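Reading the structure
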Amino acid sequence: LRFLCSALTTDSGQVNSLVVSIQDMTELTRLEQIRKDFVANVSHELKTPITSITGFSEALLQAKNDQEYQRFTQIIHRQAAGMQRIVDDLLLLSSLEQTNAHPTMAWTRIEQILEETVQSCKYRFEEKQSTLSLVVDNPSEYEVLCNGMLLTQALTNLVINALTYSAERSVVVLGCHVDDETATFTVKDEGIGIPKEDQERIFERFYRVDAARSRSQGGTGLGLSIVKHITAVHHGSVAVQSEVGKGSLFILKLPRSGSILQELEERSDSL
Ligand code: ADP
């Protein structure tokens with residue numbers, strides 16, 4: 001704790017009152033550390049592709065044949081696309097983090113959300129010869145109050161992760177169960193799993209269990225942080241259960257009743 005003390009004096013110089021303010025330095029130090037880590041992480045994440053683009057564009061100028069030209073151009077394109085993903089994710093995160101961010105919400109058919117999620121992941125599953133199967137418990141005309149674009153993005157992030165951290169020809173199950181109070185979405189894989197000690201931290205920005213693997217798969221380290229923020233603006237929750245070598249289950253819950261929904265409807269504006 002930091003105590004700041006200042007004296008208020010009368011015209012004749014006599015002290016007539018003291019103002020004491022107490023600051024919680026542990027919290028301030030922690031926030032300052034988070035800020036520093038964030039700047040260091042962003043710089044690090046962007047530095048790697050920038051170094052590669054600089055190096056390969058120099059090499060491109062001296063390319064000896066068409067083959068080299070093609071190879072260097074492809075690397076530059078891949079690295080630039082990676083940077084684009086990081087910047088897009090950071091912009092989305094920062095708009096979600098604004099304290100006055102109230103994205104537009106509307107009652108949306110859950111079937112539509114699931115369909116859009118499946119569509120946006122389809123080609124990645126084909127590439128890896130894996131299967132995405134859909135298990136919906138209730139009639140799909142059920143609705144949920146959400147920003148459709150954001151909820152689809154959150155589910156897509158979970159499904160793409162499930163695919164990324166599984167072997168080829170694996171099965172990922174996207175499930176949904178709805179009752180009057182809650183819409184529960186689940187994403188289950190039989191992939192590498194997440195060690196117990198990492199399970200809480202994976203929702204932090206840039207936290208990765210295996211940074212090299214994640215990067216080589218095109219990950220930005222921001223996907224789960226985005227999922228957490230999207231869930232938070234919907235007043236929902238997200239949790240993980242996982243066992244190394246067996247697989248993971250992510251559970252995302254959104255409320256379907258209660259006073260919070262009225263608040264969400266009233267406050268929603270454009271993001
Ligand atoms: P990334 O872009 O690195 O995948 P995320 O924020 O989406 O970033 O995930 C953070 C980390 O959590 C990943 O790097 C990975 O180590 C771990 N992870 C996320 N989803 C899974 C999963 N389904 N199976 C195993 N590990 C996962």
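Shown above is the structure to which this text applies.
Structural notes, computed from the coordinates. All of these numbers come straight from a predicted model, not from anything done at the bench.

Observations regarding the site of the ligand
In the region of the ligand, 21 residues are neighbours, and Asn161, Tyr165, Ser214, Gly221 and Leu224 sit closest. Within the backbone of Gly221, an N or O atom sits 2.8 Å from an oxygen atom of the ligand. Taken by itself the ligand offers 530 Å² of open surface, and the protein chains cover 97% of this. Counting atoms within 2 Å of the grid points, the majority share of the ligand lands in the largest pocket. Mapped onto the shell around the ligand, the elements with two or more residues apiece are α4 (148-164), α6 (223-233) and β9 (247-255). Class assignment of the residues belonging to the shell around the ligand gives a composition of ten nonpolar, eight polar and three charged.

A look at the nonpolar core
Counting 45 residues, the largest nonpolar core has Ile110, Leu151, Phe185, Phe250 and Leu252 as the members making the most contacts within it. Per-element accounting of this core gives the leading share, nine residues, to α4. With residues up to four places along the chain from it excluded, the contact list for Phe185 reads Ile110, Leu114, Leu151, Leu155, Gly175, Cys176, Phe250, Ile251 and Leu252.

Analysis parameters
- Residues numbered from 1 in each chain as written.
- Predicted model: local features only at pLDDT ≥ 70, side-chain atom pairs only at ≥ 80, totals over all residues.
- Heavy atoms only, no water.
- Near = heavy atom within 4 Å.
- Polar contact = N/O pair within 3.5 Å; in protein donor to acceptor, adjacent residues only side chain to side chain.
- Areas by Shrake-Rupley, 256 points an atom, 1.4 Å probe, with all protein chains shown as cover.
- 1 Å grid on protein atoms, 1.4 Å probe; cavity = no way out; pocket = protein on both sides within 12 Å on 5 of 7 lines; lining within 4 Å.
- Sits in = over half its atoms within 2 Å of the grid points.
- Helix = DSSP H or I, 4+ residues; strand = E, 2+ residues; numbered from the N terminus.
- Nonpolar A, V, L, I, M, F, W, Y, C, P; charged D, E, K, R; others polar.
- Core = buried A, V, L, I, M, F, W, Y, C linked by side-chain atoms within 4.5 Å.
- Buried < 20%, exposed > 50% of the residue type's maximum accessible area, 1.4 Å probe, protein only.
- Contact = heavy atoms within 4.5 Å.

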